[in-house]
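Fold and contact review
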Amino acid sequence: MVDKKRMVEASSILLLCFTRAAVREIRERFLARVQSGEYSDDLSRLDIRTFDSFATLVLMDRQIDCAGWDYDTRIERVINEIKSDPDILQEMKHFMVDEIQDLVGVRARLVQTILKNRPSGCGFTLLGDPQQAIYDYSVKDMPGEINSRGFQQWLRDEYRDGLKEVNLTANRRQTSRLEIFSARARSLLETEEPLKVREFVESINVFPVERDYNKILPHGSTSEKVAILCRNNGEVLKISGDLRKRRIIHNVRRQHSRWLLPIWVADLLNGQRRILTRDELAGLNLSGQGETGAPDRLFGLLQTLAGTDGPIVDMEKVRRILTTEARLPDELYERPLSSLTVSTIHQAKGREFDRVYLLEPLDPDRNEDLMEEARVYYVAVTRARSDFRRLERPKTYTWLTKCESNRWREEGKYVNGKTRLVSMEIGLEMDIDEESFVDCCLPGFKPHERQRYIREEVKEGDFLVIALVEDETEYYGIYHGDRLIGRMSDRFTSGVREVMKSTYERIRYLQSDFKIYLPRCFSEVYVEQIYSVVRKPETVSPSVAEPYMSKGVWYAVSVAGMGKVHFD
C-alpha cells in the first residue's frame, strides 16, 4: 500500500492500538525493516497511536482543556467533535486498528464514528483475533453499550458489500510445540461448545509445574524476557511481595495502574533555568531517563513539547504543556528494572516473552463465564515464544476476594471459624494524597527537607509502613523507616472502612455489640515509583508550601502491595 503500490503516503495512515507496548512493538518492527533497507524511509512516518493518545491530541489541537479528564471522557468528547466536524479527519487516507476484538464501549463507538466520517476514498484495515476478546466484562453491567461481538456484527452489517475478510493462519511468534498447542486450543475455542472449551482449560495442565522462583529468573546476562502472568491484581501483588522478600528485582504491571511522569521531569522544571540549550541539558545529571534518555533524544522531546526546532527550549512552556497531561513517548514511562515481569494477563496483551509462567488457574467451576475465562488463558499461552509453564499456586489457608470498590483483599479464618482480614490491596488510583509530600501541615520534615529526602533517600522497592495517625482527623501516614514522608488520601481511609465493614459485616450481624476498628497499620507495602507531579498552580491547595504552590511541580511517591493488616 505504501512501498509497493504507492497508494498512500505513510504519514496519511492513522493506526490505532490499545496499549503503549503495542505501539512501541509496531514502531520498532517497521524501523528495523526501514534500517535494513527492506522498507523505504516513508514507513518510519506512520502515525501510530493509542486510542487515548489520539483523543488527547485531537482535543489539544482544538484547544480544548482536558486536564483532569479520564480517558473515556476524552474519547467521548472526541466522538462528538468528529460528528460535528468530520474535517478533523480530512488528512487521513487510510485507517487501521490493531486488536479489534478488544473494541468495546466508548472505544468501539470511536472507531464506528471514524469509519462513518472518514474522507471519501479513505479505506480501512482492521486486525484482530476473536478468540482473544477478553474485555467484554468491562461493559457487562452497562445496558446498551456495545461489546466485542456486537461491534464485529455491526461491521459486517454496515459494510456487507465491500468488506473483505482474510484469515491469517501462520504463527510466526511461537516455537513448533507451542504453535501446535495454540492451534489446537484455537480450534476448541472456535466451537464455543462448553465441553470443548473446558477441554482447552484443562489441557493447560499438560504443561510442567515450576515451584522454585530461582529457576524462573532470566538466565545470566542474556536479553531473555520472562513473565509470571496472573489472573488479577491481588495475585500480582501477592507474587510480587514474595519476590521482594527474596530480593528478586522485577517489573510489575497491574490493571488500571497510572502512567506517572518520570522523576527527571521535576529535576528539570525545579531548576532555575527559564531556557535550556542542548549543551546545558547534556551537562545535567538527570536520573531515570533509561537507555532511551540520551541528551539528544531528551532535548528533541523537549523541543516537541515546546513546539520549536530551535537551539533553545522555553522550560516554562514545557511546564504549561505538561499541566494539560500531555503524553511523553511510551518508552520513557516504561523504566524496566529487570527482564522479569509480574503482570495480569490483561496487561500482558500486546507483549511477548521468551518464557511465560502462568499462576495455576483456580478450579474452572468457580468461574461464572467459562468461555471468557478460557479466552483469558488463551491470551496467556500465546504470550510465550519458546517456553510455557505453570507456576505452583502457594499453599495457604487464605483466599482473595474483590470488594465492590475493586480493591482486592485477602481473607482467612480464626481458629473459631470466623472470618479475618489478612491483607488488602494498596496503591489504587487516588489512594495517595499527592499534595501531602509538600504540605506545610504534615508533621516532621519541613516540605523542602521532605522533598530532598524523597529525592535522595527513598528508592524504588523500599519497604514502607502505612500507619494510622490520630490527629484532629484520622489518616494513614506513609513511613519510610521512622520518617513520615506523606499521607494516604481520605478516599483511602474510606476504602479501608469499606473493606473492614464488608469483611466483618456477618460477625456484626450475629454479634450486635461487635465493634469494627480501623487497622493500626499495614506492612509489606513498598515504593513503586518516585515520580514527578506537574499541576496548574491555581489547582494546588493553599496548604502546599512555596515554591511548590506557585510552580505546581514536586516529587511524589507511589506505593503498592497487599498490605498486611495489623490491629496492635
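The next point concerns the pattern of salt bridges. What the rule picks out here adds up to 45 salt bridges. For Arg 29, the salt bridge is made with Glu 352, and the minimal N-O distance between the two is 2.9 Å. Of the two residues, Arg 29 is situated in helix α1 (residues 20-36) and Glu 352 in the loop between β10 (340-344) and β11 (353-359); the sequence distance between them amounts to 323 residues. Residue Arg 29 is classed as partly exposed on the basis of its relative accessible area, which comes to 46%. Exposure remark for Glu 352: the relative accessible area of 15% places this residue in the buried category. Connected through shared salt-bridge partners, Arg 29, Arg 173, Glu 352, Asp 354 and Arg 385 make up one network.

One pass over the full model with this rule turns up 0 disulfides. No disulfide involves Cys 440; its sulfur sits 6.4 Å from that of Cys 441, the nearest cysteine.

Right, let's talk about helix α3 (residues 71-84) for a bit. Helix length check: α3, at 14 residues, gives a terminal C-alpha distance of 20 Å against a target of 20 Å (1.5 Å per residue), a fit within 8%. Those residues of α3 that are buried lie in contact with α2 (51-61) and α4 (105-117). One side-chain oxygen of the residue at the start of α3 lies 3.3 Å from the amide nitrogen of Asp 72, identifying that residue as Asp 70.

Along the polypeptide, Ser 423 turns up in strand β15 (residues 419-426). Given the relative accessible area of 2%, Ser 423 is considered buried. At a separation of 2.7 Å, a polar atom in the side chain of Ser 423 contacts the side chain of Glu 410. Beyond its immediate chain neighbours, meaning those up to four positions away, Ser 423 contacts Arg 409, Glu 410, Met 562, Gly 563, Lys 564 and Val 565.

What the 4 strands build is an open sheet, ordered β2-β1-β3-β4; its pairing is parallel. On the outer flanks of this sheet lie β2 (47-50) and β4 (123-126), each paired with one strand and no other. With direction set aside, neighbouring strand axes in the sheet form an average angle of 15°. In this sheet, β2 lies alongside strand β1 (residues 13-17) in parallel orientation, the contact comprising 4 bridges.

Time to look at the packing of aromatic side chains. Following the criterion strictly, the structure yields 13 aromatic pairs and no others. Look at Phe 181 and Phe 207: their rings are 4.7 Å apart centre to centre, the planes differ by 75°, and that puts the pair in the edge-to-face class. Separated by 26 residues along the polypeptide, Phe 181 in helix α6 (residues 176-191) and Phe 207 in the loop between α7 (194-203) and β5 (209-210) bring together distant segments of the chain. Exposure class is identical for Phe 181 and Phe 207. Each is buried.

Another point: the packing of α2 against α4. Contact geometry of α2 with α4 gives a least axis separation of 11 Å together with a crossing angle of 60°. Regarding the angle of α2 to α4, the classification is oblique. Considering how the two elements wind past one another, α2 and α4 form a crossing that is left-handed. Every residue of α4 that contacts α2 at Phe 51, Asp 52 and Phe 54 is listed here: Arg 107, Leu 110, Val 111 and Ile 114.

Right, let's talk about the packing of α2 against α3 for a bit. The axes of two packed helices give the description: the angle between them and the distance between them. Viewed as axis vectors pointing N to C, α2 and α3 meet at an angle of 55°, and their least axial separation amounts to 9 Å. On the basis of their axis angle, the class for α2 and α3 is oblique. Considering how the two elements wind past one another, α2 and α3 form a crossing that is left-handed. Contacts between α2 and α3 involve Phe 51, Asp 52, Phe 54, Ala 55, Thr 56, Val 58 and Leu 59 from the former and Tyr 71, Arg 74, Ile 75, Arg 77 and Val 78 from the latter.

Its 12 residues place the ends of helix α11 (residues 295-306) 16 Å apart at the C-alpha level, agreeing with the 16 Å of an ideal helix rising 1.5 Å per residue. Phi turns positive one or two residues past the end of α11, at Gly 307, with a value near 70°.

Our next topic: unusual backbone geometry. Residues Glu 546 and Pro 547 are joined by a peptide bond in cis, for which omega reads 5°. Considering the arrangement of structural elements, one finds Pro 547 in the loop between β19 (521-534) and α17 (548-551). Residue Glu 99 is not a glycine yet carries a positive backbone phi of 60°. Note on placement: Glu 99 falls in the loop between β3 (94-97) and α4. At Arg 247, a residue that is not glycine, the phi angle is positive and equals roughly 55°. Relative to the helices and strands, Arg 247 is located in the loop between α8 (233-245) and β7 (251-253). With relative accessibility at 76%, the residue Arg 247 sits in the exposed group.

With respect to topology, 6 strands assemble into an open sheet ordered β5-β12-β11-β6-β10-β7, the strand pairing being parallel. Each having just a single partner strand, β5 and β7 make up the two edges of the open sheet. With respect to the sheet, α8 is in contact with β6 (226-230), β7, β10, β11 and β12 (384-391), its orientation differing from that of β10 by roughly 155°. Along the sheet face, helix α14 (residues 370-381) touches β6, β11 and β12 and points at about 125° away from the line of β12.

Here we come to the confidence of the model for the protein. On average, residues of the protein carry a pLDDT of 87, and 91% of them reach 70 or more. Per-element averaging of pLDDT across the protein places helix α13 (residues 331-334) at the bottom with 60 and strand β18 (residues 483-487) at the top with 97.

Of the two faces of β3, the one lined by His 94 and Met 96 and the one lined by Phe 95 and Val 97 are each fully buried. Relative to β3, β1 is paired through 4 bridges, and the arrangement is parallel. Opposite Leu 15, over in β3, you have Met 96 as the bridge partner. Sheet topology note: the β3/β4 ladder contains 4 bridges and is parallel. Looking at β4, one finds that Phe 95 is bridged to Phe 124.

What follows is about the environment of Glu 404. With respect to the helices and strands, the residue Glu 404 is situated in the loop between β13 (399-402) and β14 (408-413). Spatially, the C-alpha atoms of Glu 404 and Glu 179 are 39 Å apart, while their sequence positions differ by 225 residues.

What follows deals with the pairing of β4. Covered by surrounding structure in β4 are Phe 124 and Leu 126 only, the residues Gly 123 and Thr 125 on the alternate face being uncovered. Each parallel crossover has a hand, and for β3 linked through α4 to β4 it is right-handed.

What follows covers the side chain of Thr 382. Note that Thr 382 resides in the loop between α14 and β12. The class for Thr 382 is buried, based on a relative accessible area of 5%. Here the side chain of Thr 382 touches Val 379 through a polar contact of 2.9 Å, landing on its backbone oxygen. In this structure Thr 382 touches Gln 132, Arg 173, Gln 174 and Ser 182, once residues within four positions along its chain are discounted.

Calculation criteria
- Throughout, a residue's number is its position along its own chain's written sequence, starting from 1.
- Local features in this predicted model are restricted to residues of pLDDT 70 or higher, and side-chain atom pairs are both shown and tallied only at a pLDDT of 80 or more, whereas totals for entire chains, interfaces and linings draw on every residue.
- Calculation of side-chain values draws on the structure's entire complement of heavy atoms; hydrogens and water are dropped beforehand.
- We define a salt bridge as a side-chain nitrogen of Lys or Arg found within 4 Å of a carboxyl oxygen belonging to Asp or Glu.
- The helix and strand labels rest on DSSP assignments: H or I over at least four residues marks a helix, E over at least two residues marks a strand, and numbering proceeds from the N terminus.
- Exposure classes here rest on a 1.4 Å probe applied to the protein chains alone. A residue is buried below 20% of its type maximum, exposed above 50%, and partly exposed in between.
- By definition, disulfides here are pairs of cysteine sulfur atoms that lie within 2.5 Å.
- To estimate the expected span of a helix, count its residues, drop one, and scale the result by 1.5 Å.
- By the convention used here, residues are in contact when the closest approach between their heavy atoms is within 4.5 Å.
- Distance and chemistry together define a polar contact, namely a pair of N or O atoms within 3.5 Å, with one atom able to donate a hydrogen and the other to accept it when in protein, and with adjacent residues in sequence counting only for side-chain atoms on both sides.
- If DSSP finds at least two bridges between two strands, the strands pair.
- The angle between two axes is taken between their N-to-C directions and runs from 0 to 180 degrees, where each axis is a line fitted to C-alpha atoms and a helix contributes only its stretch in contact.
- Two aromatic rings, drawn from Phe, Tyr or Trp (for Trp, its six-membered ring), form a pair once their centres lie within 6.5 Å of each other, and the interplanar angle then sorts them: stacked below 30 degrees, edge-to-face above 60, tilted otherwise.
- For classification purposes, angles smaller than 35 degrees are called roughly parallel, those larger than 145 roughly antiparallel, those between 65 and 115 roughly perpendicular, and all remaining angles oblique.
- Put simply, a crossing is left-handed when the front helix is turned counterclockwise from the back one by less than a right angle, and right-handed when it is turned clockwise.
- In predicted models, pLDDT denotes the confidence assigned by the predictor to each residue on a 0 to 100 scale.
- Think of it like this: strands point away, you trace from the first strand over the helix to the second, and a clockwise trace means the crossover is right-handed.

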